Structure formats: structure tokens, C-alpha cells
Amino acid sequence: MNTPVTSPQRPSTQKSFTKTVASGCDTYDAIIVGSGIGGLTTAALLSKCFKKKILVLEQHFQPGGLTHDFQRKGKFHWDVGLHYVGEMAPGSLARSAFDYLSEDRLKWQKMPDPFEKFIYPDFTFAVSSDPNKYLADLIHQFPEEETAIRQYFKDIEKASSWVVTNAFLEVIPRFIRGLVGTIVKGNEKLAKETTQYYLNRHFQDDRLKSLLTSQWGDYGLPPSRSSFGIHSIVVNHYLKGAWYPVGGGGAIAKALIPTIERSGGTVMTRHKVTEIIVTSDRVKGVNVQKVSASGSLAKPIETMVYHAPVVISDAGAYTTFLKLMPNDASFPESASIRSLSAQNKDTDKSTIVTLYLGLKESPRKLGFQGENHWIYMTYDHEQVDAIDSLKETAITDASNVYSSCYLTFPSLKDPMAKGDTAEIIASADYDFFEPWANHDWKKRGEQYETLKLNISNALIQLVEKQYPGFKDLIEYQELATPLTFQHFINNQKGEIYGVPFTANRFDQTWTRARTSIKNLYLTGADAFTPGVVGAMWGGTKAAGLVQGILGFPRVMLALLMGGYR
Ligand SMILES: Cc1cc2nc3c(=O)[nH]c(=O)nc-3n(C[C@H](O)[C@H](O)[C@H](O)COP(=O)(O)OP(=O)(O)OC[C@H]3O[C@@H](n4cnc5c(N)ncnc54)[C@H](O)[C@@H]3O)c2cc1C
């Protein structure tokens with residue numbers, strides 16, 4: 001056991017940053033739980049902008065959270081939770097932010113144009129990287145809906161700007177917060193409508209309604225459950241096309257960690273925070289277990305305590321408030337989260353399977369250029385994939401259980417790729433896999449492996465129907481289930497997007513960076529919106545708030561001007 005060391009506290013001029021002592025004789029200004037893009041952003045900003053020494057604790061053996069990637073056979077490389085990122089045109093604010101955080105080490109590759117294809121039984125729609133062409137193509141396809149289509153583009157802008165402004169309100173000084181809130185309030189109702197309600201109000205053609213919501217997998221809720229606000233955020237995000245980090249998603253952590261280390265900070269993998277220590281309503285540090293190489297917590301190698309005056313959690317609101325806070329205390333957030341969970345449906349927590357494929361030959365052979373493919377065998381996005389209702393039969397035969405999937409090719413997007421690769425993603429109910437939840441990773445038994453094989457074959461069959469010859473390209477395959485996400489990301493039940501973006505999420509006071517506990521903050525997707533860029537903005541808010549009233553303006557100035565480089 002690593003014994004915490006105590007030594008006199010260093011006098012500090014800043015309220016938030018009284019230096020205290022960490023386990024192993026090191027002192028840190030703040031501890032960050034989780035090294036997803038939110039955690040790394042906050043750590044890099046506090047390090048670079050404010051010269052703070054930050055300890056990032058990550059339970060996985062690889063840093064990066066959902067942006068981490070992995071390899072097999074030395075040549076096949078796949079991403080886990082990053083397939084394309086919008087708003088990365090040189091000069092854009094989000095791009096400047098990543099340039100600053102990575103000190104220009106991170107490079108972005110523009111995806112081909114069109115960057116996505118929406119595939120339906122009787123037509124395919126290619127999405128242009130030029131918003132004007134996208135608009136014109138929609139009007140060309142559905143001329144009788146022209147007025148509604150034009151209005152839709154305006155409403156996307158309005159609803160997404162409300163979501164963004166609303167999310168940033170907490171970093172705006174109190175004396176002008178009310179004024180800003182009032183200015184954008186007019187769009188609140190629009191953002192809180194369900195996507196389905198909005199579409200039914202404006203459009204006649206059911207095929208067009210389906211087409212416009214083809215990307216719902218990017219926020220995990222079908223039109224009847226998602227808010228128009230989150231739909232707008234995602235559509236707006238990709239209006240000018242998409243980019244991919246050179247070297248894959250893992251390149252992000254590789255590029256940001258040196259920024260953290262330069263100020264004396266550290267990112268420690270295989271360190272799982274088991275509790276955030278709170279005394280007299282303020283955080284004091286964290287209890288940690290060092291995780292074995294297998295990831296099993298049954299035999300933790302070591303336990304330790306780290307102290308710091310500030311703790312920032314990237315582990316998501318559910319994990320932070322329901323798993324990491326001391327059991328004997330009650331916090332307003334915990335009660336409110338339980339109440340929201342009770343109001344929402346279980347299926348609001350988006351869960352998936354991902355099939356990782358290594359290919360013998362380039363998929364260019366079949367005409368793929370690197371664009372994503374949303375394949376739908378039906379126009380009905382509400383029709384939940386059958387995997388959850390086919391409980392018993394899917395174990396022996398999963399053919400025909402899937403009517404939709406997302407197909408992407410990491411190797412065609414990455415100029416540094418060695419081998420040819422593809423990924424197929426489809427939704428899958430966590431409950432279906434729950435019987436194996438208590439088994440260790442890679443030790444879930446024959447029946448689980450058979451089930452995975454059947455699901456894999458069903459997904460390959462679905463793509464093969466659309467693109468004959470696809471299955472002959474396959475050399476290697478491996479399936480991740482909701483249990484894989486639960487194991488590697490430590491979420492509640494394998495959910496991939498954190499707190500669901502139903503309209504009632506906007507009414508919660510805990511889906512933000514500031515918490516009710518002194519010096520405890522949230523970062524990442526749950527502090528802003530899902531997605532790599534959304535989680536990054538969550539990280540900027542947390543870094544700003546930690547530094548007090550002028551913190552956020554200083555962060556933004558640095559990102560805009562590179563002034564603190
Ligand atoms: C399949 C999939 C595809 C996606 N595709 C895209 C895409 O193409 N484009 C896009 O922009 N976004 C995409 N996303 C969403 C995006 O990846 C996430 O919204 C974003 O990366 C979330 O970042 P985060 O920092 O909030 O959290 P995470 O990346 O989830 O990081 C949280 C980290 O905290 C760690 N952690 C949790 N508990 C503890 C603990 N107790 N102790 C220590 N560490 C802990 C976890 O291991 C994890 O590393 C996708 C997501 C998925 C799942």
C-alpha cells in the first residue's frame with residue numbers, strides 16, 4: 001500500500017490552488033478522473049494556460065477515453081469512439097483549440113467529399129461538405145418541400161446556438177448571464193421540442209423526415225426521443241464536412257499529453273478512482289486502486305490516496321455522482337440523476353455493438369473512398385433493432401436481426417494506416433448481454449463467443465447485401481459489445497453518450513461543469529454535449545471555472561490568439 005505523505009501546505013495566492021500532498025511524495029494542483037478528451041483538455045489548459053501541475057488518473061491501460069484506438073496483427077488499426085469530426089477547417093475556433101492544446105502536434109486529414117452516404121431501400125443520398133450544395137441537393141430530391149427545407153436550415157442554426165449559449169451560461173459573469181439568457185431564450189422552445197415533433201410540424205414526406213435524421217446514431221436517440229437541440233448540434237457540426245486525426249483517434253492523447261507533462265503533470269493509466277473524498281462539503285482528493293493488466297478489480301495491485309484541492313471528473317455525471325461520491329453523504333445531484341433516470345426510458349441510454357474488421361485488400365476495390373455509410377433497410381428509425389427481442393434465438397442464429405448499421409473505413413481516412421480496415425456499428429440492448437457482465441474481459445465463455453460470432457455474421461450479411469463482394473475482403477474480425485464499453489470506459493451499462501439528450505436533460509442543473517460540491521467539477525461530454533468537440537468544450541469550461549471569474553475569458557483568449565504559447 002502506498003501511504004499518503006503529509007507535509008506542510010504551501011501558502012498560496014490563489015483560492016482554488018492551495019498545494020497539498022499526493023501519495024508518493026508528489027504534489028498536484030488538481031486531480032482529473034479520466035483521460036477522455038474532456039479530461040485531457042482541462043488538464044492541458046490548466047497546465048499550459050495557468051502553469052498548473054495536474055494528475056490525470058485513468059482506469060484503462062490506454063489514455064484517451066473514447067478517442068483511444070487499438071491494433072491487431074501489427075497492421076490493423078481501429079478507433080473506438082471517433083470516426084469523423086466536424087468544424088476542423090483551419091481557422092475555425094475548434095481547430096484553433098486543438099492546435100493550441102496539442103501545440104500543433106495534432107494534424108487533421110479532410111475526409112472525401114461527399115463525406116457521408118445515407119442509404120435507404122430505394123435511394124442513396126450523398127452528403128456534400130458544402131452546406132449550399134447539401135441544401136440544393138435536398139431541394140432537388142424533394143422540390144415540393146423547398147420552403148420547409150429552407151426553414152429547417154435556419155432552425156438548425158437557431159436551436160444549436162441556443163444549446164451552445166445555454167451550455168456556456170455558467171462561465172459568463174453573473175451580472176450579464178441573465179441578459180444573455182434572455183437574448184437567446186426565444187429559441188429555447190424550439191431546442192426542447194422532440195426532433196419528431198419538429199419534423200412532423202414542418203414536413204409532409206416521410207422519406208425526407210427519415211433522411212434528415214439519418215445521423216441519429218451520432219447522438220444515440222431516435223427522432224421521437226431526441227431533442228431538436230441535440231439533433232441541430234450534430235447536423236450543424238457536420239455542415240461543412242468532416243476531418244479525421246492523422247494517425248487515428250489515439251493521436252489526440254499522444255499530442256495532448258506532452259502539454260500536460262511540460263508543467264510537471266502526469267497521466268497515469270490503470271489507476272481507477274474508487275471514491276472522491278469529500279469532507280465538510282469540499283473535495284480533498286481521491287481513493288485509487290491500481291488495476292491489474294487484465295483490468296480486473298477483483299485483485300487490485302495497490303490501493304492509494306491522492307490529495308489535491310481540486311478534483312475534476314471526466315467519468316460522466318452518472319459514474320461521478322452515483323458511483324464515486326461517498327456513500328454516506330447525499331448530494332443534490334445524486335437524487336436528481338435518479339429522478340431523471342426514472343423519467344427516461346432504459347433505451348434512452350444508447351448502447352451498441354462494433355465489429356472491427358481487418359481487410360485483405362483495399363475497400364477502394366469496391367468503390368469506397370473513405371466516406372461513412374448509414375445503411376437503413378427501413379425508413380422507420382423508431383423500429384428498434386430486433387436483437388433485444390430475439391433473446392434466445394440470437395444466441396444460435398442472429399441472421400436478419402439487423403435492419404440498420406453504420407459502416408466506416410479507418411484506413412481510408414488515415415494517411416498513416418498500415419493495413420486496410422472497416423468498422424460496422426449497430427445498436428444493441430445492454431440487458432441482452434448482462435448475464436455475462438460479471439465475467440472478466442476475454443473470459444466470458446463459449447456461449448458469449450457464439451453469440452458474438454452470430455451477431456458479427458449478421459452485420460457482415462447486412463453490408464454484403466448492399467455492397468456485394470464486401471465479405472470476401474475480410475481477413476480478421478472482432479466484436480465489441482456493450483460489456484466491452486462498460487469494461488473499458490467504466491460507464492453504468494455500456495451507454496456511449498453519457499446523459500441522454502432528451503429534452504429534459506436541458507432542465508438539469510448537474511449537466512454542467514460546476515457542481516454543488518466545492519472544488520469538484522465535471523468535464524467532458526456531460527458538461528457540454530457528446531462528441532469529441534463537445535467534450536473538448538466541456539473541458540474548456542471546467543478549466544475556466546477552476547480558475548475563477550477571469551478563468552474562462554483567459555482560456556478563450558489563449559485559444560483564439562495562442563497568446564499564452
Ligand atoms: C462508438 C462511438 C463512436 C463515436 N463516434 C464519434 C465521432 O465519429 N465523432 C465524434 O465527435 N464523437 C464520436 N463519439 C463520441 C465521443 O467519442 C465522445 O462523446 C467523447 O469522446 C467523450 O469524451 P469524454 O471526455 O466526455 O469521455 P470519455 O471519452 O468517455 O472518457 C472518460 C474516461 O474516464 C475514465 N474513467 C471512468 N471512470 C473512471 C474512474 N473511476 N477512474 C479513472 N478513470 C475513469 C474512462 O476509462 C475514460 O477513459 C463516438 C462515441 C462512440 C462510443
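Here, the structure is the one placed above.
To start, this report covers the structure provided alongside it. A quick note: this is a predicted structure, and the numbers were derived from the prediction, not measured.

**Side note on the overall build of the protein chain**
Link 1 in the chain: The helix and strand tally for the protein chain stands at 19 helices and 19 strands.
Link 2 in the chain: Among the 565 residues that make up the protein chain, the fraction classed as buried is 59%.
Link 3 in the chain: Carbon and sulfur atoms make up 52% of the accessible area of the protein chain, which amounts to about 22400 Å² in all.

**Section: the sheet that holds strand 11 (residues 282–290)**
By way of backbone hydrogen bonds, the strands of a sheet pair with one another, either parallel or antiparallel.
Link 1 in the chain: A sheet is described by the order of its strands in space; here three strands give the open sequence 10-11-12, paired in antiparallel fashion. This sheet does not close on itself; its edge strands, each paired only once, are strand 10 (271–279) and strand 12 (302–307). Neighbouring strand axes in the sheet, compared pairwise and without regard to direction, differ in orientation by 25° on average.
Link 2 in the chain: Summarising the sheet, strand 10 and strand 11 pair through eight bridges and their orientation is antiparallel. Pairing of Thr-279 across the sheet is with Arg-282, part of strand 11.

**Some details on the packing of aromatic side chains**
Link 1 in the chain: All chains considered together, the criterion is met by 35 aromatic pairs.
Link 2 in the chain: Aromatic side chains Tyr-120 and Tyr-376 sit 5.2 Å apart centroid to centroid with 20° between the ring planes, which places their arrangement in the stacked category. Of the two residues, Tyr-120 sits in strand 6 (residues 116–120) while Tyr-376 sits in strand 15 (residues 372–376), which places them 256 residues apart along the sequence.
Link 3 in the chain: On the accessibility criterion, Tyr-376 (6% relative accessible area) is buried.

**Section: a nonpolar patch on the surface**
Link 1 in the chain: Side chains of Leu-93, Leu-557, Leu-560 and Met-561 sit close together on the surface and give an oily, nonpolar patch of about 410 Å² of accessible area.
Link 2 in the chain: The dominant element in the nonpolar patch, judged by the number of residues it contributes, is helix 19 (residues 551–561), at three residues.
Link 3 in the chain: Within the secondary structure layout, Leu-93 lies in helix 2 (residues 93–101).

**Things to note about the site of the ligand**
Link 1 in the chain: Neighbouring residues of the ligand: 36 residues in total, closest Glu-58, Gly-81, His-83, Asp-314 and Ala-525.
Link 2 in the chain: Contact distances for the ligand include 2.7 Å between an oxygen atom and a backbone N or O atom of His-83.
Link 3 in the chain: Looking at the shell around the ligand, the elements that each hand over two or more residues are helix 1 (37–50), strand 10, helix 17 (482–489) and helix 18 (532–546).
Link 4 in the chain: Broken down by class, the residue content of the shell around the ligand amounts to 21 nonpolar, twelve polar and three charged.
Link 5 in the chain: If you count residues domain by domain, the shell around the ligand takes at least three from each of domain 1 (26–67 + 250–345 + 527–561) and domain 3 (351–489).

**What to know about the packing of helix 18 against helix 19**
Each packed pair of helices is defined by two parameters, the angle between the axes and the distance between the axes.
Link 1 in the chain: Contact geometry of helix 18 with helix 19 gives a least axis separation of 7 Å together with a crossing angle of 130°. On the basis of their axis angle, the class for helix 18 and helix 19 is oblique. Counted together, Trp-537, Thr-540, Lys-541, Ala-543 and Gly-544 of helix 18 and Gly-551, Phe-552, Val-555, Met-556 and Leu-559 of helix 19 form the full contact between these two elements.
Link 2 in the chain: Of the residues in the contact of helix 18 with helix 19, the class split is six nonpolar, three polar and one charged.

**What about unusual backbone geometry?**
Link 1 in the chain: Here the amide bond leading from Asp-113 into Pro-114 is cis, since omega sits at 5°, within 30 degrees of zero.
Link 2 in the chain: You can see Pro-114 is positioned in the loop between strand 5 (108–110) and strand 6.
Link 3 in the chain: A positive phi angle is found at Lys-51, which is not glycine, with a value near 55°.
Link 4 in the chain: Positive phi outside glycine occurs at Ser-280, with the angle close to 50°.
Link 5 in the chain: Inspection of the secondary structure assignment puts Ser-280 in the loop between strand 10 and strand 11.

**Focus: the pattern of salt bridges**
Link 1 in the chain: Scanning the model with the defined rule gives 19 salt bridges in all.
Link 2 in the chain: Here Glu-103 and Arg-262 are joined by a salt bridge, their closest N and O atoms 2.5 Å apart. Of this pair, Glu-103 sits in the loop between helix 2 and strand 5 while Arg-262 is found in helix 10 (residues 250–262), placing the two residues 159 residues apart along the sequence.
Link 3 in the chain: Taking relative accessible area as the criterion, Glu-103 reaches 21% and is therefore assigned partly exposed.
Link 4 in the chain: Residue Arg-262 is classed as exposed on the basis of its relative accessible area, which comes to 56%.

**Some thoughts on the nonpolar core**
Link 1 in the chain: Counting residues in hydrophobic clusters, the biggest one holds 141 residues, and the most contacted among them are Phe-98, Ile-276, Val-286 and Trp-537.
Link 2 in the chain: For this core, the element with the most residues is helix 4 (residues 146–168), which contributes ten residues.
Link 3 in the chain: The residues touching Phe-98, leaving out its near neighbours within four places in the chain, are Ile-37, Met-88, Leu-106, Trp-108, Ile-252, Val-532, Val-533 and Met-536.
Link 4 in the chain: With 35 residues, the next largest nonpolar core counts Phe-368, Ala-428, Tyr-448 and Ala-458 among its residues.

**Describing the sheet that holds strand 9 (residues 266–268)**
Link 1 in the chain: The strand order 9-2-1-13-19 describes an open sheet built from five strands, whose pairing is parallel. The outermost strands of the open sheet, each flanked by one partner alone, are strand 9 and strand 19 (520–522). Recorded for the sheet is a direction-independent mean angle of 20° between the axes of neighbouring strands.
Link 2 in the chain: As paired elements, strand 1 (residues 30–33) and strand 2 (residues 54–57) share four bridges and run parallel to each other. Following the sheet pairing, Ile-32 is matched in strand 2 by Val-56.
Link 3 in the chain: Against the sheet, helix 1 contacts strand 1, strand 2, strand 9 and strand 13 (311–313), and its axis sits at roughly 170° relative to strand 2.

Parameters at a glance
- Residues numbered from 1 in each chain as written.
- Predicted model: local features only at pLDDT ≥ 70, side-chain atom pairs only at ≥ 80, totals over all residues.
- Heavy atoms only, no water.
- Helix = DSSP H or I, 4+ residues; strand = E, 2+ residues; numbered from the N terminus.
- Buried < 20%, exposed > 50% of the residue type's maximum accessible area, 1.4 Å probe, protein only.
- Areas by Shrake-Rupley, 256 points an atom, 1.4 Å probe, with all protein chains shown as cover.
- Pairing = 2+ DSSP bridges.
- Axes fitted to C-alpha atoms, helices over the stretch in contact; angles between N-to-C directions.
- Phe/Tyr/Trp six-rings, centres within 6.5 Å; stacked < 30°, edge-to-face > 60°.
- Patch = residues over 30% accessible without salt bridge, like charges linked within 9 Å, V, L, I, M, F, W, Y side chains within 5 Å.
- Salt bridge = Lys/Arg side-chain N within 4 Å of Asp/Glu carboxyl O.
- Near = heavy atom within 4 Å.
- Polar contact = N/O pair within 3.5 Å; in protein donor to acceptor, adjacent residues only side chain to side chain.
- Nonpolar A, V, L, I, M, F, W, Y, C, P; charged D, E, K, R; others polar.
- Domains from an automatic or database assignment.
- Parallel < 35°, antiparallel > 145°, perpendicular 65-115°, else oblique.
- Contact = heavy atoms within 4.5 Å.
- Core = buried A, V, L, I, M, F, W, Y, C linked by side-chain atoms within 4.5 Å.

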